[in-house]
Structure formats: C-alpha cells, structure tokens
Amino acid sequence: MSELADLLRTRREALQPAEVGLPPAGRRRTPGLRREEVAQLAGISTTYYTFLEQGRDVSPSPQILDALARALRLTPAERDHMRALVHGTQEDRPPEVLVAGAADLVDSLDPHPAYVSGRHWDVLHANKSACALWTDWPALPVADRNILWWTFADPRARTVLVEWDAEARAQLARFRAAAARHPEDPAYEALLDRLRLCSKEVRDWWRDHDVAPLSSGRKVLHHPTLGRLDLALLVLQVADDPEQKVVTFRADPTDAARIGALLSAVRTTPVGRSPSVTITGERSR
C-alpha cells in the first residue's frame, strides 16, 4: 500500500484550502491540506485516512476511493490509477503472442511508420519506416526491444524525439497506470527496477505519481538525413488483446515521399522477420 500512501500524500500536499472551498486556517507547518481536512471532504474519519497515508494494511471500498478522488481533485486517470493500486486486476495471463494479422497491417502502412507494442511496452513488431526513424528494433537484444527502455536508456532517443522531456514523462505516466492494473505481474516491477538503475529522470519522476491514459496526438522526430518530421499519432487497441496497441503515425504527402525514398536505400527487418535480410547503416547520398 506504499504506492497508494505516496499518491494520497503528494496530492494532499499539492492542494490549497481555497481550491477545495475551505477557509484559510492561518500559518501551516506543512504545505497543502491537513489530513483531517481531506478526511472531512471525503466523509471518512481522520484515523482511517491517516492509516491510508501510513500504508497500513486496510482495503478501502470503491466508494471511499471515489470520495477521496473527489476530495483530492484527482483526474479520471488518477482516480482509475488509485483504484487499480488497491484492487488491481488479478486474472492470470498467458505469455504474450502477437495477434494474428497485426504484423501484416503494420507492414502495409509503409511509408507511414507503425509498430505494435505489447503489455509491457515491448515492440512486438515494427514496419520498415519505424525501424528507419526510431531504431533498428530487430538488431537490438530482445530485452531492449521496449519503447520505454529505448526512450530512457538509449542516448539516441534524446535526439530522435524532439520533445523528449514531454514524451518521456507521458510514457512513464502511461506505464504507471498500466502497472497498477496488473499488480501481480512481476514484469512491470522488473522493468521499472531496470529503468530506475539507468535513469535519474525515472527515479525523480516516479515519485510524482503522474498517471495518464492512452491517447493520440502528434509526434515530432528528427532524422539525420530527413531532418524534422511532424507526424500525426493514432493509437489503436487490438480487440483480440486490448493490451496490444497498434501505434500508427501519419506523415504529410511530402514527408511520406521522403520516407519512402529513404526506405529504398535503408533496408531494415520488422520484428519477427528473419534477421538474415537486415542491412543497417545504409543511407541515400
């Protein structure tokens, strides 16, 4: 329950009395609301709320969690994250297998980049454009074929992702939300431990308890040959396995043509294909 305790404390300390309709109460020794004020707003006892912040072995009901979410002005994503921290999803899950047809769909999208990410952010399959613009996924060790690991551990990511700071924070927030839904899956904790060892940002940002849902939007990349690429991002969940996401990027016609020309000079192998045909390092001159 330490994760829940940290979440409650950080969100309580970030709120001011005026934000929740309480009158100012003079000088405060610590920032934010007092525990008794949060308890009052949520309609629970101060003792019970204190137990929650202390990480005691208590199991608040969904109704209490919803009341706390309202009291602390949590976003819907933060509320769902808090529920998952307490109740999680306990179902047994088989080993991850790429959903049939996903690879062919992703390959058909070239020269628009696309890849399939799995339950733990592993890149299960990537088309040639995604390999050319991000990294040559099949050339990496299997344990490193992970979008979160690549973002924080590979120095090239900070050059490829023009808005690295915002992108990295958002990825970590989405990963936290996913990990909370599956507290019995040790792979999440193993990846987090690995990320903490390699990245100061992960160590610092994880303490902020930021959570975010899956979302579409835009991605700005830099390629050493093509320069800046501004891509429209659309994330699709696979119906047969909602933990797998088809992540697609739409380039404008001019950039799509430029990516296509690059692919004629750079041949990469999508994840899952035979590595014998992979040739890296070739670029048009």
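Calculation rules
Residues numbered from 1 in each chain as written. Predicted model: local features only at pLDDT ≥ 70, side-chain atom pairs only at ≥ 80, totals over all residues. Heavy atoms only, no water. Phe/Tyr/Trp six-rings, centres within 6.5 Å; stacked < 30°, edge-to-face > 60°. Helix = DSSP H or I, 4+ residues; strand = E, 2+ residues; numbered from the N terminus. Buried < 20%, exposed > 50% of the residue type's maximum accessible area, 1.4 Å probe, protein only. Lys NZ or Arg CZ within 6 Å of the ring centre and 35° of its normal. Axes fitted to C-alpha atoms, helices over the stretch in contact; angles between N-to-C directions. Parallel < 35°, antiparallel > 145°, perpendicular 65-115°, else oblique. Contact = heavy atoms within 4.5 Å. Nonpolar A, V, L, I, M, F, W, Y, C, P; charged D, E, K, R; others polar. Salt bridge = Lys/Arg side-chain N within 4 Å of Asp/Glu carboxyl O. Polar contact = N/O pair within 3.5 Å; in protein donor to acceptor, adjacent residues only side chain to side chain. Core = buried A, V, L, I, M, F, W, Y, C linked by side-chain atoms within 4.5 Å. Pairing = 2+ DSSP bridges. Left-handed = near helix turned anticlockwise from the far one by under 90°.

Colleague: Where do I start with the packing of aromatic side chains in this structure?
Modeller: Working definition: an aromatic ring pair is given by the centre-to-centre distance plus the angle between the planes. Tallied over the full model, the rule gives 10 aromatic pairs. A centroid spacing of 6.2 Å and a plane angle of 35° characterise the contact between Tyr 115 and Phe 249, whose relative ring orientation is tilted. In this pair, Tyr 115 is assigned in strand S1 (residues 114–117) and Phe 249 in strand S5 (residues 241–250), connecting sequence segments 134 residues apart. The two residues Tyr 115 and Phe 249 agree in class, both being buried. An aromatic cluster is present here, built from Trp 121, Phe 175, Tyr 188 and Trp 206 joined pairwise through their rings. Of note, Arg 158 hangs over the ring of Trp 164, and the distance from its end group to the ring centre comes to 3.8 Å. Above the face of the Trp 206 ring, Arg 176 is positioned so that its terminal group lies 3.8 Å from the ring centre.

Colleague: I'm lost on the packing of helix H1 (residues 2–14) against helix H3 (residues 46–53) in this one. Help?
Modeller: Packed helices, taken two at a time, are described by their axes: the angle between them and the distance between them. Where H1 meets H3, the closest approach of the two axes is 7 Å, and the angle between their N-to-C directions is 115°. If you check the angle between H1 and H3, you find them roughly perpendicular. Residues Leu 4, Ala 5, Leu 8, Arg 9 and Arg 12 of H1 form the contact with H3, whose own contacting residues are Tyr 49, Leu 52 and Glu 53. Partitioning the contact of H1 with H3 into residue classes produces five nonpolar, no polar and three charged.

Colleague: Help me understand the pattern of salt bridges, please; the structure alone is not making it clear to me.
Modeller: Two side chains of opposite charge can pair, provided their charged atoms sit close to one another. Within the structure shown, the criterion is met by 24 salt bridges. Between Asp 210 and Arg 11 there is a salt bridge whose closest N-O contact spans 3.7 Å. Pair noted here: Asp 210 is in the loop between helix H12 (200–206) and strand S3 (217–223) and Arg 11 is in helix H1, with a separation of 199 residues, a long-range link. When its relative accessible area of 35% is taken as the criterion, Asp 210 is described as partly exposed. Judged by its relative accessible area of 13%, Arg 11 falls in the buried class. Residues joined by salt bridges that share partners form a network here, namely Asp 66, Arg 79, Asp 80 and Arg 83.

Colleague: Would you mind showing me how to read the side chain of Thr 135 here?
Modeller: Mapped onto the fold, Thr 135 is located in the loop between helix H7 (128–133) and helix H8 (147–153). By relative accessible area, which is 5% here, Thr 135 ends up buried. In terms of polar contacts, Thr 135 uses its side chain to reach the side chain of Arg 156, at 3.5 Å. Setting aside anything within four residues of it in sequence, one finds Thr 135 in contact with Ala 130, Leu 140, Trp 150 and Arg 156.

Colleague: Teacher, can you tell me more about helix H4 (residues 62–71) here?
Modeller: A turn of α-helix holds 3.6 residues, and therefore any two residues three or four places apart point the same way. Among all positions in H4, only Leu 65, Ala 67, Leu 68, Ala 69 and Ala 71 are buried. Of the residues one or two after H4, Arg 73 is the one with positive phi, at around 60°.

Colleague: It is not clear to me how the nonpolar core should be interpreted in this structure. Could you clarify?
Modeller: Judged by nonpolar contacts, the single largest core of 44 residues is most densely connected at Trp 134, Trp 137 and Phe 152. For Phe 152, the residues in contact, after removing those within four places along its chain, are Arg 158, Trp 164, Ala 168, Leu 172, Leu 195, Cys 198, Ser 199, Glu 201, Val 202 and Trp 205. Core analysis: the next-biggest nonpolar cluster, separate from the first, contains 23 residues, Leu 15, Ala 71, Leu 72 and Val 86 among them.

Colleague: It is not clear to me how the pairing of S5 should be interpreted in this structure. Could you clarify?
Modeller: In the case of a regular strand, side chains alternate between the two sheet surfaces. By the criterion of burial, S5 is predominantly enclosed, with eight of the 10 residues buried. Note that S1 and S5 share four bridges and pair antiparallel. Considered in S5, the bridge of Ala 114 is made with Thr 248. Examined bridge by bridge, strand S4 (residues 227–238) and S5 share seven bridges and lie antiparallel to one another.

Colleague: I would appreciate a short explanation of the packing of H4 against helix H5 (residues 76–87) in the present structure.
Modeller: For the pair H4 and H5, the least separation of the axes is 10 Å and the interaxial angle reads 145°. The handedness of the crossing between H4 and H5 comes out as right-handed. Here Pro 62, Leu 65, Asp 66, Leu 68 and Ala 69 of H4 lie close against H5, whose contacting residues are Arg 79, Met 82, Arg 83, Val 86 and His 87. Partitioned by chemical class, the residues of the contact of H4 with H5 number six nonpolar, one polar and three charged.

Colleague: Just checking my understanding: could you explain the sheet that holds S5 for this structure?
Modeller: The strands that make up a sheet are held in pairs by hydrogen bonds between backbone atoms, and each pair lies either parallel or antiparallel. In spatial order, the strands read S2-S1-S5-S4-S3; together these five strands make up an open sheet with antiparallel pairing. Two strands lie at the open edges of the sheet, namely strand S2 (123–126) and S3, each paired on one side alone. Averaged over all adjacent pairs, the angle separating strand axes in this sheet is 25°, with direction ignored. Sheet strands in contact with helix H13 (residues 253–265) are S3 and S4, and its direction is about 90° off that of S4.

Colleague: Is there a simple way to think about the environment of Ala 187 in this case?
Modeller: In this fold, Ala 187 is placed in helix H11 (residues 186–198). Expressed as a C-alpha distance, the spacing of Ala 187 and His 120, which sit 67 residues apart in the sequence, is 7.3 Å.

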